[in-house]
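# Inside the fold
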Amino acid sequence: MSMKLAIHISLDYRDACIKEVLTLLGSYGIKYKISGLFNKIILLDISGCKGRSEEGVLKYIFKRSSCVKRALKIYITSDSYNLKELYSSDLKEYISGFKHVAIHVHLYNPRIIRREEIDSVIDDIYKLYVKGLHLNVDLEKPDVTIGVYNVEDIILVGIELYDELRKGFEYRRAKYRPVFSPFSLHPKLAKLMINLSGVREGGILIDPFCGVASIPMESSLLSIETICVEYFFKWCIGGLKNVEWIDETLNYIDVVNADSLKDILRIHEYGNDIYVVTDPPYGRITSTGYRDIASIYRNFIEKYVSHAKRSVFMSPEEIDDYIYKYNLRVNFKSVIPVHRNLKRILYVVERG
């Protein structure tokens, strides 16, 4: 069954966020085609949930995403607010199965901006879909939400599958954790990197430079088994405390205090479903353990990236030559602001 979607994404790392959404859709067996791309909105034609509940799978993906703020299942696409063009018998039939409804209007570079115009649209939608069905309007806990998205010159009407502007990242930032480290990744970036890998529940994620566990914290929340390696013992303890802070069971994390660039993990023996997500040391804030950065990345690519199904990591500079040496493919890369004036290159690499 096909479906049209409008997805509102964060603009923090826009290109990487678009890639994250597409990667997650592909990882869960959903075929997609981009039908439109605006500043904050991705329009998609999707199909292929393989017998599963389409909406259920999509809602899980949107919740797992680091950057999806809203998502609309589109029933109507129009270039005007003409009532006849905004009516869909399929949409009305769908809504009739619920008791409590809300109507949300969201403006993305719209033609309408005045409050009275928005109220008029809400009144029209109410008359078209709600009034005749004798549904109760409940803005706090609706069973279903009718969404109206004004995206430039396009008006989209449908059912909101997801609406969550805040995802709790603020409360997991480094300054609130039990063990603080100045080189900790922002939780949103850590989760973005995990999702870019495409790892699913049941897969194994390896973080060879885990520090105080910014990445394993987010993977634990996603119920993804993570093997962490950290050279400094105090950061091993700190990482465990941080993960325990959000997951008391510690069911999804194993920490190894060792030099990850020595042969402590033979990841080729773990099978094909291995993913590497990490932020290697780069010498400006994080210690390189007296190694030069070039040798760190060469060894890292040889021992980990070349064996993983897909790897996501940061680099202070472009290292495509190292990557191609091992017949690997750069799936995606983007410049990412990390700390104030510091920018790094985010790589997604997979076996060719």
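In this report, the structure presented in the accompanying data block is examined. (Residues numbered from 1 in each chain as written. Predicted model: local features only at pLDDT ≥ 70, side-chain atom pairs only at ≥ 80, totals over all residues. Heavy atoms only, no water.)

### Section: unusual backbone geometry
How we decide: Here a helix means four or more residues in a row that DSSP labels H or I, a strand means two or more in a row labelled E, and each is numbered from the N terminus. Each residue's exposure class comes from its accessible area (1.4 Å probe, protein chains only) as a fraction of the maximum for that residue type: buried when under 20%, exposed when over 50%, partly exposed otherwise.
A positive phi angle is found at Glu 152, which is not glycine, with a value near 55 degrees. Checked against the element boundaries, Glu 152 lands in the loop between strand S7 (144–151) and strand S8 (154–163). By relative accessible area, Glu 152 is classed as partly exposed at 34%. Even without being a glycine, Ala 213 presents a positive backbone phi close to 75 degrees. Structurally, the position occupied by Ala 213 is in the loop between strand S9 (204–207) and helix H6 (214–221). Judged by relative accessible area, which is 1%, Ala 213 ranks as buried.

### Side note on the pairing of strand S5 (residues 100–108)
Under the convention used in this document: If DSSP finds at least two bridges between two strands, the strands pair.
Pairing analysis gives 2 bridges linking S5 to strand S6 (residues 136–137), with the strands arranged parallel. Looking at S6, one finds that His 100 is bridged to Asn 136. With 8 bridges connecting them, S5 and S7 associate as parallel partners. Directly across from Tyr 108, in S7, lies its bridge partner Val 151.

### Here we look at the pairing of strand S1 (residues 3–9)
Successive residues of a regular strand alternate their side chains across the two faces of the sheet. For S1, the buried fraction is high: 6 of the 7 residues fall into the buried class. Pairing of S1 with strand S3 (residues 41–47) involves 6 bridges; the strand directions are antiparallel. The partner of Ala 6 across the bridge, within S3, is Leu 43. Relative to strand S4 (residues 68–78), S1 runs antiparallel, the two sharing 5 bridges. Looking at S4, one finds that Ile 7 is bridged to Ala 71.

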